[in-house]
Amino acid sequence: MLDIKRIREKTDEVREGLRRRGADPVLLETVLELDRQRRALLASAEEKKNRRNATSKEIGAARKRGEDTAQVQAEVRTLGDQITALDEQLRVVEADLQAAVLRIPNVPCATIPTGTDAAANRVARVEGQPRTFSFAPQDHVTLAERLGIMDLPRATRMTGSGFPLLLGAGARLQRALIQYMLDLHTQKHGYTEMLPPFVVNSASMCGTGQLPKMADDMYHCEKDDLWLIPTAEVPVTNYFREEILDRPLPVLLTAYTPCFRREAGSAGKETRGILRVHQFDKVEMVKFVAPETSYQELESLLGHAEDVLRGLGLHYRILELCSGDISFAAAKCYDIELWAPGHNGWLEVSSCSNFEDFQARRANIRYRDAEKKVQFVHTLNGSGVALPRLMIALLENGQQEDGSVLLPPALVPYMGGVERLVPPGAGEVIGGKC
RNA sequence: GGAGGGAUGGCUGAGUGGUUUAAAGCAUCGGUCUUGAAAACCGACGUACCGCAAGGUACCGGGGGUUCGAAUCCCUCUCCCUCCGCCA
């Protein structure tokens, strides 16, 4: 949520930022008009309340002296009716104003590329080298089928399409990766591990910016008015909702959670295998930092996500997203994409974003600065990293001509010493044999 | 799910209709004193909004109501505690 004072006082700057994003310009004008109405109503109501408070006090004093106050009481009652009417108008205007402000996206950071879509994203860096193959590389679906580590047809019968099911060594590999990433972030990068609820209430969804805009993209439990989380960002960031932090910044938290996304409107897009699914696992990093440090914290956050991929020997690139492609709440965002030779393309496995005070205002997360002044924190988060596409890259990059898959040495301890996934032998019904 | 008891400022905790613009204590910060510290004493000490300012308004778990006036009375919701039931 943008600061209403900033909208009011630096209107041109905000308008330009929203223009760069391609956001609806009408929203801003609506907010400005509602803000004017609100302040006019507020001034009027507060003036009357002041009079009522003072007069009521006088009534109390007069009655103590035994005077008759019926006349004054009648006057104040009229005043009270006027206040009730003004408060009602105010309530409506404030609700409209709040609803409108919540729909305004964050102002993009001045340094990011301007553009309307992914085509304008800037490739910041490319790391590592693509592997060369002496044979035609297969894609992850073919490889996983051969290895017997995934069963999508049965998962579809059980639930529906887009809900993956891993088996044997596939399930173990997933678990190993989660463990590897959490260990890296907690032991090397200084994060505290959290295992949060996977279901949250509407206030939390609003706090991080998923609501109101993304309601249709999420799973909602209507009976309880609870939402399945689309990312660990939601519970982890909302950990401090409505708090003034009493601990030194930055606060670094990391969490493994499953993520649930309806992917409404993306039917048919890149749906082969586990490329785009309704449920996936992810390790997420979240930072609560002092405002003046947030952009250097973004760089280190990106480094932490990269560390996961470097440790696995993977070839990846960093994109600096343009103004039209960053998410609703973000001011700046880096995407990390892994090279997948079977897919013959780049796969997004991480987004590392600085939200500045946008989420902190919505979720009301503050801290006391050096002068003891209460201020909003800046929040950041980054995937570290999302699992299905990491799994795809590992399978496709590690594949051998015989159908086996070599695992990166860093994972071997987490796989109980297993270095290679091999197809199940003849006669075995289900696979996943190591 | 049933019955009962609770929710007050960073913490403890008073307060059942009118100087409560919330007592007191603890904690914190500043000052005096001290070589320094402690103690003692003095002072400060919530958040948000509106206003150029003076100042004003709101907030005692959330929402609504009664009243000239609500932390205080009424309704309702949420959460916590105790007991019972059910259950991984």
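Starting afresh in each chain, residues are numbered from 1 along the sequence in its written order. All chains are assigned letters beginning with A, and all ligands numbers beginning with 1, in the order in which they are written. Given that the model is predicted, a residue must reach a pLDDT of at least 70 before its local features are reported, and side-chain atom pairs must reach 80 or more before they are shown or counted; all residues, however, enter totals for whole chains, interfaces and linings. To obtain the side-chain values, all non-hydrogen atoms of the structure were used and water was disregarded.

## A look at the overall build of chain A
Next, step 1: Helix numbers and strand numbers start at the N terminus; a helix is a DSSP run of H or I with at least 4 residues, a strand a run of E with at least 2. The helix and strand inventory of chain A stands at twelve helices and 16 strands.
Next, step 2: Here the C-alpha coordinates of chain A stretch approximately 105 × 45 × 40 Å along the principal axes.
Next, step 3: When the 434 residues of chain A are sorted by exposure, 49% land in the buried category.
Next, step 4: It only takes one pair of heavy atoms within 4.5 Å for two residues to be counted as in contact. Across chain A, every contact between residues at least 6 apart in sequence was considered, and the portion connecting residues at least 24 apart equals 73%. Classification of residues uses two cut-offs on accessible area relative to the type maximum, computed with a 1.4 Å probe and protein chains only: under 20% is buried, over 50% is exposed, and between them is partly exposed.

## Considerations on the packing of helix H7 (residues 169-188) against helix H10 (residues 294-311)
Next, step 1: Taken N-terminus to C-terminus, the directions of H7 and H10 make an angle of 130°; their axes are 10 Å apart at the nearest point. Classed by the angle they form, the pair H7 and H10 counts as oblique. The interaxial crossing formed by H7 with H10 has right-handed handedness. Within the contact between the two elements, H7 uses Tyr180, Met181, Leu184, His185 and Lys188 and H10 uses His304, Asp307, Val308 and Gly311.
Next, step 2: Classes in brief: Ala, Val, Leu, Ile, Met, Phe, Trp, Tyr, Cys and Pro nonpolar; Asp, Glu, Lys and Arg charged; the others, Gly included, polar. Its residues assigned to classes, the contact of H7 with H10 comprises four nonpolar, three polar and two charged. Note on geometry: axes are C-alpha line fits, over the in-contact stretch for helices, and angles between N-to-C directions span 0 to 180 degrees. In these notes the angle categories are as follows: under 35 degrees is roughly parallel, over 145 is roughly antiparallel, 65 to 115 is roughly perpendicular, and the rest is oblique. Two helices cross in a left-handed way if the nearer one is turned anticlockwise from the farther one by less than a right angle. They cross in a right-handed way if the turn is clockwise.

## Some points on the sheet that holds strand S13 (residues 374-376)
Next, step 1: For two strands to be treated as a pair, DSSP must find no fewer than two bridges joining them. Spatially, three strands are ordered S6-S12-S13 in an open sheet, and the strand pairing comes out mixed. The sheet is open, and its two borders are formed by strand S6 (243-245) and S13, each paired with just one other strand. Averaged over all adjacent pairs, the angle separating strand axes in this sheet is 40°, with direction ignored.
Next, step 2: Where S6 meets strand S12 (residues 365-368), three bridges bridge the pair, whose relative direction is parallel. When the sheet's bridge partners are listed, Glu243 is paired in S12 with Ile365.

## What about the confidence of the model for chain A?
Next, step 1: For chain A, per-residue confidence averages 92 on the pLDDT scale, and residues scoring 70 or more make up 97% of the total.
Next, step 2: Confidence scores per residue from the predictor, reported as pLDDT, run from 0 to 100. Segment residues 426-431: pLDDT under 50, and six contacts once partners within four positions in sequence are set aside and those in other chains are kept.

## Overview of the pairing of strand S10 (residues 332-340)
Next, step 1: A large share of S10 lies buried, amounting to nine of its nine residues.
Next, step 2: A two-sided burial pattern is seen for S10, the buried positions comprising Lys332, Tyr334, Ile336, Leu338 and Ala340 on one face and Cys333, Asp335, Glu337 and Trp339 on the other.
Next, step 3: Two strands pair when backbone bridges link them, and strand S9 (residues 316-320) and S10 are joined in this way by five bridges, in the antiparallel orientation. Among the inter-strand pairings, Glu320 is bridged to a residue of S10, identified as Tyr334.
Next, step 4: Where S10 meets strand S11 (residues 345-354), nine bridges bridge the pair, whose relative direction is antiparallel. Looking at the pairing, Trp339 lines up with Trp346 of S11.
Next, step 5: Linkage of S10 to S11, two consecutive antiparallel strands, is achieved through a turn of four residues, within which Asn344 is found at a positive phi near 55°.

## Regarding helix H12 (residues 387-398)
Next, step 1: A rise of 1.5 Å per residue sets the reference length of H12, with its twelve residues, at 16 Å; its end C-alpha atoms lie 16 Å apart and thus fit the reference within 8%.
Next, step 2: With eleven of twelve residues buried, H12 is to be regarded as a mostly interior element.
Next, step 3: Every buried residue of H12 is accounted for by Leu387, Pro388, Leu390, Met391, Ile392, Ala393, Leu394, Leu395, Glu396, Asn397 and Gly398. Multiplying 1.5 Å by the residue count of a helix minus one yields the expected span of that helix.

## Observations concerning unusual backbone geometry
Note: most residues except glycine have negative phi, and most peptide bonds are trans.
Next, step 1: With an omega of 0°, the peptide bond between Leu249 and Pro250 qualifies as cis.
Next, step 2: Residue position: Pro250 is located in the loop between S6 and strand S7 (251-260).
Next, step 3: With an omega dihedral of -5°, the bond running from Gly384 to Val385 counts as a cis peptide bond.
Next, step 4: Checked against the element boundaries, Val385 lands in strand S14 (residues 378-386).
Next, step 5: Despite not being glycine, Asp225 shows a phi value in the positive range, around 50°.
Next, step 6: Look at Asp225 and you get partly exposed, because its relative accessible area is 39%.

## Remarks on the layout of surface pockets
Next, step 1: Roughly 1,700 Å³ of internal volume is contained in the largest pocket.
Next, step 2: In this analysis a 1.4 Å probe is tested at points of a 1 Å grid over the protein atoms alone, and where it fits but cannot get out there is a cavity; an open set with protein on both sides within 12 Å along at least five of seven lines is a pocket; lining residues have an atom within 4 Å of a point. Residue lining of the largest pocket: 49 residues in total, with Met214, Arg261, Glu263, Glu348 and Ser351 positioned closest to the centre.
Next, step 3: When residues of the lining of the largest pocket are traced back to their parent elements, those giving at least two are strand S8 (279-289), S10, S11, S14 and H12.
Next, step 4: Looking at the lining of the largest pocket, the element that brings in the most residues is S11, giving seven residues.
Next, step 5: Residue composition of the lining of the largest pocket, by class: 21 nonpolar, 13 polar and 15 charged. Grid points are joined across faces, edges and corners, and a volume is the space filled by probe spheres set on the points.

## A short note on the packing of aromatic side chains
Next, step 1: A pair of Phe, Tyr and Trp rings is counted when the ring centres sit within 6.5 Å of each other, with Trp represented by its six-membered ring. The angle between the planes then sorts it: under 30 degrees is stacked, over 60 is edge-to-face, the rest tilted. Taken as a whole and assessed by the stated rule, the structure comprises seven aromatic pairs.
Next, step 2: With centroids separated by 5.5 Å and ring planes inclined at 90°, the aromatic side chains of Phe133 and Phe135 adopt a geometry described as edge-to-face.
Next, step 3: Owing to a relative accessible area of 17%, Phe135 belongs among the buried residues under this scheme.
Next, step 4: Seen from their ring centres, Trp339 and Trp346 are 5.2 Å apart, and the 65° between their planes marks the pair as edge-to-face.
Next, step 5: Residue classification places Trp339 among the buried positions, given a relative accessible area of 18%.

## Here we look at the sheet that holds strand S4 (residues 220-221)
Next, step 1: Taken together, three strands build an open sheet; the order of strands is S3-S5-S4 and the sheet is antiparallel. In this open sheet, the two edge strands, each paired with only one partner strand, are strand S3 (199-201) and S4.
Next, step 2: As judged from the three bridges shared by S3 and strand S5 (residues 226-228), these two strands associate in the antiparallel manner. Within S5, the residue paired with Val200 across the bridge is Trp227.

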